[in-house]
Amino acid sequence: GKISTWQNWPEYLANLDIDIALAPINSSKFNKGKSNIKLLEFGALGIPVVASRFGPYLEIEREGVGLCADGVSEWKSKIESLITSPTDARLLGTIAADYTYSRYDIKDNWHKWESAYREIHSRTAKMRQREAGRLRSG
C-alpha cells in the first residue's frame with residue numbers, strides 16, 4: 001500500500017510484514033528529547049524491537065519489552081538472536097504488544113490525561129490569581 005496521509009501510516013506499517021524492528025539513534029542532546037514512538041508503533045503490532053540503549057529507548061530494556069544494543073557487535077548479536085530463535089522473537093513481540101496496550105492505550109488510560117489536564121488547569125488558575133493580586137498590590 002501507498003502512504004497518502006499520516007492516517008494511513010498504521011495500516012501501511014502493518015502491511016510491511018516486518019519480523020524485527022530496528023530503532024538505532026545516536027547519543028545526542030536532540031535524540032535524548034525524542035519520544036519512544038518506534039517502540040509504540042512496532043509494539044502495537046507485536047513486532048520485537050532492537051533499539052539503541054539511549055534516551056527514549058531506555059524503557060525497552062528496563063521493562064523487558066525488547067532488546068537494546070550498543071556498538072556493532074552487540075547489535076549484530078541481538079539481531080541474530082531474534083533471527084535464529086523465531087519463537088523468542090514472537091514472544092518478545094507479544095510482550096511488547098501487551099506492554100504498549102496496557103501502558104499507552106487511550107481506552108485504558110484516558111483518566112490519567114483527564115487528571116493531568118485538571119491539575120494543569122488548577123495550577124494555572126492559581127498562578128493567574130496570584131499574579132492578578134500582585135499586580136493590584138504593586
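Reference entry: report on the structure contained in this document. Along each chain, the written sequence defines residue order, and numbers are assigned to residues from 1. In view of the model being predicted, local features appear only for residues whose pLDDT reaches at least 70, and side-chain atom pairs are presented and counted only at 80 or more, with totals across whole chains, interfaces and linings using the full set of residues. Remark: hydrogens and water are excluded; side-chain values derive from all non-hydrogen atoms of the structure.

Moving on to the side chain of E41. Strands are runs of DSSP state E lasting at least 2 residues, helices are runs of H or I lasting at least 4, and numbering of each runs from the N terminus. Relative to the helices and strands, E41 is located in helix α3 (residues 37-44). On the basis of relative accessible area, E41 is assigned to the buried category, the value being 17%. By the criterion applied in these results, polar contacts are pairs of N or O atoms within 3.5 Å in which, for protein atoms, one can donate a hydrogen and the other can accept it, and in which residues neighboring in sequence qualify only through two side-chain atoms. Polar side-chain contacts of E41 include one of 2.9 Å to the side chain of W9. Every residue pair with non-hydrogen atoms within 4.5 Å of one another is taken to be in contact. Filtering out sequence-adjacent residues up to four positions away, E41 remains in contact with W9 and L13. Summary of the burial criterion: residues with accessible area below 20% of their type's maximum are buried, those above 50% are exposed, and those between are partly exposed, where the area comes from a 1.4 Å probe applied to protein chains only.

Glancing now at α3. Working note: α-helix, 3.6 residues per turn, so residues spaced by three or four point in the same direction. L39, L40, E41, F42 and G43 are the residues of α3 that are buried. Among the structural elements, α1 (9-14), β1 (21-23), β2 (49-52), α4 (58-63) and α6 (86-104) are those in contact with the buried residues of α3. Of the residues one or two after α3, G46 is the one with positive phi, at around 75°.

In short, the description is geometric, and any link to function would need to be established separately.
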